[in-house]
Amino acid sequence: VRGGPEPLRWGMFAAGGMVAALVLPALVLLLCLAAPLGLADPVPHPAAEAVVSHLAFRLALVVVVPLGLLHAAHRVLAAFMDFGLRPFGTPVALVLFSGAMAGTAFAVWTALTL
Amino acid sequence: VSDAAPRTPRPYVRRLPAWWVLTKGSWLLFLLREITSLFVAYVAVLLVVYARSVAAGPEAYEGFVAWTRRPGVVAWHLVVLAAVLWHTVTWFVATPTAIGRFVAGRRVAPAALVAGHYALWLAVSAALWWVLR
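Residues numbered from 1 in each chain as written. Chains lettered and ligands numbered in written order. Predicted model: local features only at pLDDT ≥ 70, side-chain atom pairs only at ≥ 80, totals over all residues. Heavy atoms only, no water.

*Asks:* I'd like a rundown of the overall build of chain B, residues and numbers included.
*Replies:* Summing up its helical and strand segments, chain B has five helices and two strands in all. Listed by position from the N terminus, the elements making up chain B come as α-α-α-α-β-β-α. On C-alpha atoms alone, chain B measures out to a radius of gyration of 23 Å, which is more than a quarter above the 14 Å that the 2.2 N^0.38 rule sets for 133 residues. If one aligns the C-alpha atoms of chain B with their principal axes, the spans along those axes are about 80 × 40 × 30 Å. The long-range share in chain B, meaning contacts at least 24 apart out of those at least 6 apart in sequence, stands at 43%. When the accessible surface of chain B is totalled, it reaches about 8800 Å², and 69% of it is carbon and sulfur. One finds the centroid of the 13 positive side-chain charges in chain B at a distance of 14 Å from the centroid of its 4 negative side-chain charges. (Helix = DSSP H or I, 4+ residues; strand = E, 2+ residues; numbered from the N terminus. Rg over C-alpha atoms; globule rule 2.2 N^0.38 Å. Contact = heavy atoms within 4.5 Å. Areas by Shrake-Rupley, 256 points an atom, 1.4 Å probe, with all protein chains shown as cover. Lys, Arg positive; Asp, Glu negative; His and termini not counted. Charge placed at Lys NZ, Arg CZ, Asp CG, Glu CD.)

*Asks:* Describe the packing of helix α3 (residues 71-93) of chain B against helix α5 (residues 110-132) of chain B, naming the residues involved and giving the relevant values.
*Replies:* Residue and element names in this part refer to chain B. For the pair α3 and α5, interaxial distance at closest approach is 9 Å and the crossing angle is 145 degrees. Taken together, the residues of α5 that come into contact with α3 (itself represented by Leu85, Thr88, Val89, Phe92 and Val93) are Val114, His117, Tyr118 and Trp121. Looking at the contact of α3 with α5 residue by residue, the class counts come to seven nonpolar, two polar and no charged. (Axes fitted to C-alpha atoms, helices over the stretch in contact; angles between N-to-C directions. Nonpolar A, V, L, I, M, F, W, Y, C, P; charged D, E, K, R; others polar.)

*Asks:* Could you give me a rundown of the pattern of salt bridges, with the residues and numbers involved?
*Replies:* Enumeration according to the criterion identifies three salt bridges over all chains in this entry. Note that B:Arg33 is salt-bridged to B:Glu34, the shortest N-O span being 2.9 Å. Under the relative-accessibility criterion, B:Arg33 is labelled partly exposed at 29%. Given a relative accessible area of 9%, B:Glu34 falls into the buried group. Taken together, the salt bridges that share partners define one network made up of A:Arg75, B:Arg33 and B:Glu34. (Salt bridge = Lys/Arg side-chain N within 4 Å of Asp/Glu carboxyl O. Buried < 20%, exposed > 50% of the residue type's maximum accessible area, 1.4 Å probe, protein only.)

*Asks:* Give me the packing of aromatic side chains: which residues, what numbers.
*Replies:* For any two aromatic rings, the description comes down to two numbers: the centre-to-centre distance and the angle of the planes. All names here are of chain B. Summed over all chains, the structure comprises nine aromatic pairs over all chains. With a centroid separation of 6.4 Å and an interplanar angle of 70 degrees, the aromatic rings of Tyr50 and Tyr61 are classed as edge-to-face. Highlighted residues: Tyr50 in helix α1 (residues 25-55) and Tyr61 in helix α2 (residues 58-69), separated in sequence by 11 residues. The buried category is assigned to Tyr61, whose relative accessible area is 5%. With a centroid separation of 5.9 Å and an interplanar angle of 50 degrees, the aromatic rings of Phe64 and Trp67 are classed as tilted. Here Trp67 and Phe64 lie together in helix α2, a separation of three residues that amounts to about one turn. A relative accessible area of 7% places Phe64 in the buried class. With a relative accessible area of 29%, Trp67 lands in the partly exposed category. (Phe/Tyr/Trp six-rings, centres within 6.5 Å; stacked < 30°, edge-to-face > 60°.)

Okay, here's the thing in structure tokens:
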């Protein structure tokens, strides 16, 4: 990539931000709040299993999770820079992006074994 | 002509106190927007945890559902929902600046671009509701 990893990092940040903006509010509402708040009946296990084991869900998992984590890593790193922690940029970046990579591996492994 | 080696330009860094972000309302909103990324990461991981609990069988899935019903967890997830909604709103507001005023070579009003993203968001949310319910 021309100019090192910087354009790639920004590209992942933008893609992750857009995917997160489109799907995350609905996911939080559906998976975490709809049934406890009485907005909908709880999803029985066989129905949930049918969704989760579908190829489309696995593909969504390996798109949404890595992009969301890379988006967060990029944004937190930028915030660290803004708070005058520029000298620690490299170790902080290493920790953040290692975390994003670990989460990505977790998502890919899960998608392959569902 | 001087003999001195040309100096490499250094980026100008404005000196501010560490709490600069708290000194102005608009900066505080900026901080809140940046913090939403932590909630984005949380939901990403939670999605994997949910999928694994479903795949692990009815008992594990019931455990996940029971956990989401605990009052403290419900309160926490309301905070998470507010944060990801704030992410969505601030992200769409920035699209005219980020994407530009031209879409497929045609001039688009900034408000139309933002409205288009909201329409897409509603369609995606409705589709997710239909699939996951």
